Amino acid sequence: MTAAAPSPKANMGQPVPRYDAAAKVTGRATYASDMPLDNPAYAFLVTSAIAKGRIDRFDLDEAKGVRGVIEIVTHENAPKLRESKLFSNGGYAGTTIQPLKSAEIAHDGQIIAVVVAESYEAAREAANRVKVSYTATAPSASFDSPGTATAAAKGQNAQFKEDPAVGDFAKAFDAAEIKLTAAYDTPTQHHNPMELFSTSCAWMGDNLVIYEGSQFVYGLKHGVAEQLGIDADKVRVVNPYVGGGFGSRGSMTPRTAIIAGIAKRLGRPIKLVPTRDQGFTITTHRAETRQEIKLGANRDGKLLALRHEGAEVSSRADAYCVGGTKTTTRLYACPNVDSLVSIVRADRNTPGFMRSPPEVPYLFALESAMDELAVKLNMDPVELRRINDTTNEPIGGKPYTSRSLMACFDEAAKAFGWAQRSPQPKSMSDGDWLIGYGCAATCYPTQMGSSAARVRLQRDGRTRVEIAGHEIGTGAYTVIAQTAAERLGVPLEKVAVFMGDSDLPPAPVAGGSNSTASTCSAVMMVCDQIRQRLFKAAMPAQSLTDRAKETVGLGQTPATQAAKGDRPLDIEKAFDALGVGVVEEYGEWKPEGAPLDSFRAMHNGQVRLVGGHAMKDQIAYAFGAEFVEVRVNRFTHEIRCPRLVGAFAAGRIMNPRTARSQLMGGLIWGMSSALLLEATEIDERNARYVNDNLADYLVPVNADVAGVEVILLSEQDDRINPVGVKGLGELANVGTNAAICNAIHHATGQRIRKLPVRLENIEV
């Protein structure tokens, strides 16, 4: 069997079907709550009915009378857990608000009791019969509520380390010929993945196995071990498939260690499947924001001054923020920039990562403001962005590793038919429908984390890849299998991939669109180690010069050329020469610029992502351009979005089929985040989420978007990682909300600065 050398670096991989497609459509794919347990008990959560105050007493008599109830756990008898730091401050937890610790209530829907019974139905019935007496105090719900506390984000949160600034904004803004000042609001949003937030825990002696949908099995493993006060080697997390995450499963949840502790006490496995409405408060969400943009420009459109100020709502306990000014202040050429991000503390559960956490709210403000500036200048919005395009970011002057923003605008504009746009608002119509065209830029930082992999190749070409990555629905199994097949020169159908298990070699959190770049780089490196080992066995004796080069790692030898895919490899001949039937290699890959403790942190479930704007001598982002058509009925004010077109450049596209699916979903979600399809309504009096179900928390369906076109641009970037990959999973839903509002302005002449767009606020 002769394996062809891997093809040279190309911009597009093969659009092969998903590795796990058959398993998913036939029901063979197993999720957390599917895992079989031996004689499990079932848990059901009781959550707080107030947002602030304390529990005076429980009346559990009626609940305990339900047949099959085993135990009811409250703060009075709960397992004692250790503290854990917030994920964004270098810890593991999505919130430091620890349920069942005391009688104090920090937010609505906080876990206050766990009912354990012989069946799910009995646990649910008993939970509904738990009676709680509270002493409630008036909560602070959001920005305008009395009692909130505001502070600058810088210095409060390890994740947000700077308020980017350069030049003299105030002086430049005063001198600008054209000025714009505008305020923008974005709402709270919730992830609502299809898979509920399930947790199953089973002890085998002193060893704990956790079955839970997680975007970071190593982080969950170490976080739970820390809370339980046990050795992390005694904890295993298993989740081969995750039914959607969008950031909600990236950090340790407040429920997991509680369920593990109760299971230990009872001496039997426990399965918890929370309800949909409980998922709104026992996990994280996207925080609402308020922002102000100031732009100053010359009459030719050149930006002279930019200030972006943002405020985000967080909980009393945690100073969580996303701080999207890190991106917005670097997107366009501008010599004078200022920014500020603040945190507003309220009586709410702690927010967290949600798909494109900083970029979705913050680029809404910037890309809306750019459109407003274009109107003031009487300039085409695309041309305004072209005039301010740059190859170096303005804050530190670092060059982009590659930047295809305007190439994306050109391709998308051509496919959309932007040239047919009449620039005057309210000038395009079709019967009772006003037609508007809008556009916006999108971008997302290219991030990577250290990753390890184990690869085993057999003489007949069968290959096994092991890595504790995560299949959250994006196609991770597929691209990892493609990487191994390509590097080893074996048929794709002979590659088996094993993921989603903390017993496998560690991988970073499946967040920040880093997974493909990180895991595939590690798999590629290990496959190259196998190639080199086999090639050295199959080739004639090396010269002393080649051996010397290989020893010190200098120069190209036939073996190193083979490892990099520059020469074909006869696998059968190599195995014959080795005299074995199997070759296995393990390796750990670290991206350039990663801190010295990256490998230690990787094994300890700690995040050390690098890339984006934080690189030493360069800056790495994926880019795109999005165009939308909206139709607004002049009588009913209904809003329709019949067309979405996006063009995206994200380095090498490992699999155009899975990439297109991700980008299409992102475009639809971006549209949804603008219109009254996706916003969490808050009862300001009680700091409570109102539409905490899928009947009222609306998500788009096929009828909401008649046409979605995704264009994948070919882009070569050899400066970011060995596979040349930029993340794209979070790219497409950025900027779409601004494009929608820009199109509504074009259709109606009305500028919408507050999301979601409600038809009662439309004026025609």
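Residues numbered from 1 in each chain as written. Predicted model: local features only at pLDDT ≥ 70, side-chain atom pairs only at ≥ 80, totals over all residues. Heavy atoms only, no water.

### Quick look at the overall build of the protein
So, step 1. For the protein, the helix and strand inventory stands at 18 helices and 30 strands.
So, step 2. Taking 2.2 N^0.38 as the reference for a compact globule, 764 residues should give roughly 27 Å; the C-alpha atoms of the protein span a radius of gyration of 27 Å, in line with that estimate.
So, step 3. C-alpha extents for the protein along the principal axes are approximately 80 × 75 × 50 Å.
So, step 4. Within the protein, the fraction of its 764 residues that count as buried is 61%.
So, step 5. Intrachain contacts of the protein at a sequence separation of at least 6 include 82% that bridge at least 24 residues.
So, step 6. About 28100 Å² of surface is accessible on the protein, with carbon and sulfur atoms providing 50% of the total. (Helix = DSSP H or I, 4+ residues; strand = E, 2+ residues; numbered from the N terminus. Rg over C-alpha atoms; globule rule 2.2 N^0.38 Å. Buried < 20%, exposed > 50% of the residue type's maximum accessible area, 1.4 Å probe, protein only. Contact = heavy atoms within 4.5 Å. Areas by Shrake-Rupley, 256 points an atom, 1.4 Å probe, with all protein chains shown as cover.)

### Observations concerning the side chain of S518
So, step 1. Following the sequence through the fold, S518 ends up in helix α12 (residues 515-538).
So, step 2. On the basis of relative accessible area, S518 is assigned to the buried category, the value being 0%.

### Topic: the nonpolar core
So, step 1. In this structure, L295, L373, F409, F627, I740 and V757 are the most contacted members of the largest nonpolar core, which totals 90 residues.
So, step 2. Of the residues forming this core, the biggest block, 10 residues, is contributed by helix α8 (residues 359-377).
So, step 3. Apart from residues lying up to four places away in sequence, L373 is in contact with I178, L180, L295, A297, L303 and L384.
So, step 4. Ranked by size, the runner-up nonpolar core spans 43 residues in total, among them A23, A481, V495 and M499. (Core = buried A, V, L, I, M, F, W, Y, C linked by side-chain atoms within 4.5 Å.)

### Some details on the side chain of E372
So, step 1. Along the polypeptide, E372 turns up in helix α8.
So, step 2. Residues contacting E372, with those up to four places away along its chain left out, are L180, A182, Y184, R751 and R753.

### Notes on helix α18 (residues 736-748)
So, step 1. For α18, spanning 13 residues, the distance from its first C-alpha to its last is 18 Å, which sits close to the expected 18 Å at 1.5 Å a residue.
So, step 2. The element α18 is extensively covered by neighbouring structure, given that 13 of its 13 residues are classed as buried.
So, step 3. Two residues or fewer past α18, G749 is found with a positive phi of approximately 80°. (Expected span 1.5 Å × (residues − 1).)

### Some details on the sheet that holds strand β18 (residues 433-445)
So, step 1. Strand order across the open sheet formed by 5 strands is β17-β18-β26-β27-β30, with mixed pairing between neighbours. Single-partner strands in this sheet number two, and they are β17 (429-430) and β30 (707-712).
So, step 2. In this sheet, strand β27 (residues 639-649) lies alongside strand β26 (residues 621-633) in antiparallel orientation, the contact comprising 9 bridges. Opposite R631, over in β27, you have R640 as the bridge partner.
So, step 3. Relative to β30, helix α17 (residues 656-674) is tilted by about 130°, and along the sheet it contacts β26, β27 and β30. (Pairing = 2+ DSSP bridges. Axes fitted to C-alpha atoms, helices over the stretch in contact; angles between N-to-C directions.)

### Considering the environment of G579
So, step 1. In this fold, G579 is placed in the loop between α15 (571-578) and β24 (582-589).
So, step 2. Residue classification places G579 among the exposed positions, given a relative accessible area of 62%.
So, step 3. Separated by 42 residues in the primary sequence, G579 and A537 place their C-alpha atoms 9.6 Å from one another.

### Concerning the environment of L731
So, step 1. Counting through the fold element by element, L731 comes out in the loop between β30 and α18.
So, step 2. Separated by 83 residues in sequence, L731 and F648 place their C-alpha atoms 8.2 Å apart.
So, step 3. When sequence neighbours within four positions are dropped, the list of residues in contact with L731 reads T442, C443, Y444, A622, F623, E626 and F648.

### Some details on the packing of aromatic side chains
So, step 1. Scanning all chains against the criterion turns up 18 aromatic pairs.
So, step 2. Here the aromatic rings of Y400 and F623 are separated by 5.5 Å at their centres, their planes lie at 65°, and the arrangement is edge-to-face. Of the two residues, Y400 sits in the loop between α9 (381-387) and α10 (405-416) while F623 sits in strand β26, which places them 223 residues apart along the sequence.
So, step 3. Here F623 falls in the buried class, since its relative accessible area comes to 0%.
So, step 4. Centroid distance F409 to F627: 5.9 Å. Interplanar angle 80°. Geometry classified as edge-to-face. Of this pair, F409 sits in helix α10 while F627 sits in strand β26; the two residues are 218 residues apart in sequence, bridging distant segments of the chain.
So, step 5. Overall, the relative accessible area of 0% leaves F409 in the buried class.
So, step 6. The exposure class assigned to F627 is buried, which follows from its relative accessible area of 0%.
So, step 7. Cluster of aromatic residues (ring-pair linked, three or more members): F409, F416, W418, Y437 and F627.
So, step 8. Just above the ring of W203 sits the side chain of K264; from NZ or CZ to the centre is 4.5 Å.
So, step 9. Over the face of the ring belonging to F599 we find K590, whose NZ or CZ atom lies 5.7 Å from the ring centre. (Phe/Tyr/Trp six-rings, centres within 6.5 Å; stacked < 30°, edge-to-face > 60°. Lys NZ or Arg CZ within 6 Å of the ring centre and 35° of its normal.)

### Considerations on the confidence of the model for the protein
So, step 1. Taken as a whole, the protein shows an average pLDDT of 94; of its residues, 95% reach a score of 70 or greater.
So, step 2. Contacts for the low-pLDDT stretch residues 1-9, under 50 throughout, to residues beyond four places or in other chains number 28 contacts. (pLDDT = per-residue confidence, 0-100.)

### Here's the deal with helix α5 (residues 217-228)
So, step 1. End to end, α5 covers 16 Å across 12 residues, agreeing with the expected 16 Å (1.5 Å per residue, within 8%).
So, step 2. The element α5 is extensively covered by neighbouring structure, given that 10 of its 12 residues are classed as buried.
So, step 3. Buried within α5 are the following residues: V217, Y218, G219, L220, K221, H222, G223, V224, A225 and Q227.
So, step 4. Buried residues in α5 make contact with β11 (207-212), β12 (235-238), α6 (256-266) and α16 (598-603).
So, step 5. Looking one or two residues past α5, G229 carries a phi angle of roughly 75°, positive in sign.

### Brief notes about the pattern of salt bridges
So, step 1. As enumerated under the stated definition, the model contains 49 salt bridges in all.
So, step 2. In this structure, E62 engages K131 in a salt bridge whose closest nitrogen and oxygen atoms are separated by 2.4 Å. Separated by 69 residues along the polypeptide, E62 in helix α2 (residues 61-64) and K131 in strand β7 (residues 131-136) bring together distant segments of the chain.
So, step 3. Residue D717 pairs with K726 through a salt bridge whose shortest N-O separation is 3.7 Å.
So, step 4. With a relative accessible area of 3%, D717 lands in the buried category.
So, step 5. What makes K726 buried here is its relative accessible area of 2%.
So, step 6. Each of E62, E125, R129 and K131 takes part in salt bridges that share partners, so that together they form one network. (Salt bridge = Lys/Arg side-chain N within 4 Å of Asp/Glu carboxyl O.)

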